[in-house]
Amino acid sequence: MSDETWRDSAFETRAIHAGQEPDPTTGAVITPIYQTSTFVQEAVGVHRGYEYARTDNPTRTALQTALASLEGGAWALAYASGLAASQNLMQYLLRPGDRVLLSDDSYGGTYRLAVRVLEPWGLGVDLVDMADLDAVRAALRPETKLVWVETPTNPYLKVVDIRGVADLLADHPARLVVDNTFASPYLQQPLAHGADFVVHSTTKYLGGHSDVVGGAIIGNDAAAAETLKFHQNAAGAVPGPFDCWVTLRGIKTLAVRMERHSANALAVAHFLGEQDAVARVYYPGLPDHPNHAVAARQMRAFSGMVSFTVRGGAEAAADLVARTRVFLLAESLGGVESLIEHPGRMTHASVAGTGAEVEDTLVRLSVGIEHVDDQVADLRQALAAVAPAALTAD
Ligand SMILES: *Cc1c(COP(=O)(O)O)cnc(C)c1O
């Protein structure tokens, strides 16, 4: 499934060409949207590689080839959502009685999938601060069959040393999965740091324009690919051809978008750090971030996600997120437009009262690629409107 033609080309070039050859029948430069559910056969079982679109579709094949190339994997499988990909991978890797070790600030939906959907089928779930390798070592049990790393984490943007976790697992049966959604393959390639599988919500940076939901698994293990492909078809949570096409279109500009997301986020993080109304800023690109050294080693830049706590309690946070104009109040992340949200009441509401709960004064930004001056001005006016009340409330 990998594309050898572009193997030696740079990331930017592969993003535009890998899996995306001009259409051989018409010369169309852009991969067509093969909007068909079935494919004609010349005789029973004699066809051009496609029979039925749940099993395979050429637009999906193009997306999978591009994703494998960008992550440096041998293969990729695309899904209808990031969680569909996660579900397929967890079901493939785990059996009743097994345990999965998750970050204590995992994506809420991943936590919910493990605890609410898979625990009733006999899965055990343990939470740990993955940025603390001693804690990871201590949390590993003989039944742990899967270590699920997110880095940077959501919403605290802790950075997990992927190589460090992989080394801990050298003598342990658990497989290492890295959810690379927050970094994207442009900034970080977990397979090269020892991960067994990479998972993406392509909904975020890969798609990049907040117009499609999708997911993917990427890996090198050929036997795993065969079984996962069987599961992909057997369970059927596949993306439609149009969704694959939109995602491919987004991928072509991934490199330039990630550069700008990262530059803008760094400037926004510096700005927030200087504000009295802001108690604490979480951004791995700041030198005082506890995992900055790991981030600098493992990532090309620090991505577009910034979290911070405000003074004045949960109400101040809720008030702030309703006052921005450039930063749209919405869940999700990774699009060209800036988003702001209140994790405690939005993305992370499902983990309230659990070990994965977040501070109620936390605000999360997905810093887009508008002009950074407009982003900063927007945050400045919103903080000024909230600050007087917030600062006296403390
Ligand atoms: C959004 C997200 C997911 C889930 O992906 P969907 O496409 O929404 O199903 C998983 N992990 C992370 C880190 C995410 O941000």
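Cut-off values and rules
- Residues numbered from 1 in each chain as written.
- Predicted model: local features only at pLDDT ≥ 70, side-chain atom pairs only at ≥ 80, totals over all residues.
- Heavy atoms only, no water.
- Phe/Tyr/Trp six-rings, centres within 6.5 Å; stacked < 30°, edge-to-face > 60°.
- Helix = DSSP H or I, 4+ residues; strand = E, 2+ residues; numbered from the N terminus.
- Buried < 20%, exposed > 50% of the residue type's maximum accessible area, 1.4 Å probe, protein only.
- Lys NZ or Arg CZ within 6 Å of the ring centre and 35° of its normal.
- Near = heavy atom within 4 Å.
- Polar contact = N/O pair within 3.5 Å; in protein donor to acceptor, adjacent residues only side chain to side chain.
- Areas by Shrake-Rupley, 256 points an atom, 1.4 Å probe, with all protein chains shown as cover.
- 1 Å grid on protein atoms, 1.4 Å probe; cavity = no way out; pocket = protein on both sides within 12 Å on 5 of 7 lines; lining within 4 Å.
- Sits in = over half its atoms within 2 Å of the grid points.
- Points joined across faces, edges and corners; volume = space filled by probe spheres on them.
- Nonpolar A, V, L, I, M, F, W, Y, C, P; charged D, E, K, R; others polar.
- Domains from an automatic or database assignment.

Student: I would appreciate a short explanation of the packing of aromatic side chains in the present structure.
Tutor: Scanning all chains against the criterion turns up 5 aromatic pairs. When the ring of F11 is compared with that of Y186, the centres are 5.3 Å apart and the planes differ by 65°; the resulting orientation is edge-to-face. On the criterion of sequence distance, the pair formed by F11 in helix α1 (residues 11-17) and Y186 in helix α7 (residues 184-187) is long-range, its members being 175 residues apart. Residue F11 shares its accessibility class with Y186, and that shared class is buried. With a centroid separation of 6.2 Å and an interplanar angle of 55°, the aromatic rings of W75 and F197 are classed as tilted. Residue W75 is found in strand β1 (residues 75-79), and its partner F197 is found in strand β6 (residues 197-201); the two are separated by 122 residues along the sequence. Its end group placed over the ring of Y186, R300 keeps NZ or CZ at 3.9 Å from the ring centre.

Student: What should I look at first to understand the site of the ligand in this one?
Tutor: Residues in close proximity to the ligand total 14 residues, the closest being G82, D179, S201, T203 and K204. Within the backbone of G82, a nitrogen or oxygen atom sits 2.9 Å from an oxygen atom of the ligand. In the model, an oxygen atom of the ligand is placed 2.9 Å from a nitrogen or oxygen of the L83 main chain. Across the complex, the protein chains shield 93% of the 380 Å² of accessible surface that the ligand would expose by itself. According to the grid-proximity analysis, the pocket containing the ligand is the second largest pocket.

Student: What is the right way to read the layout of surface pockets from this model?
Tutor: The calculated volume of the largest pocket comes to roughly 580 Å³. Together, 22 residues line the largest pocket, and D23, P24, Y34, Y50 and P58 are the ones closest to its centre. Each residue belonging to the lining of the largest pocket can be placed in one class, and the counts come to 10 nonpolar, 8 polar and 4 charged. Put simply, the second largest pocket is a space of about 430 Å³. Along the walls of the second largest pocket sit 27 residues, with L83, Y107, G109, S201 and K204 positioned nearest its centre. Within the residue set of the lining of the second largest pocket, elements represented by two or more residues are α3 (82-93), α4 (108-118) and β6. Top element by residues in the lining of the second largest pocket is α4. It accounts for 4 residues. Taken together, the residues that form the lining of the second largest pocket break down as 7 nonpolar, 14 polar and 6 charged. Looking at the lining of the second largest pocket, you find at least three residues from each of domain 1 (7-251) and domain 2 (255-393).

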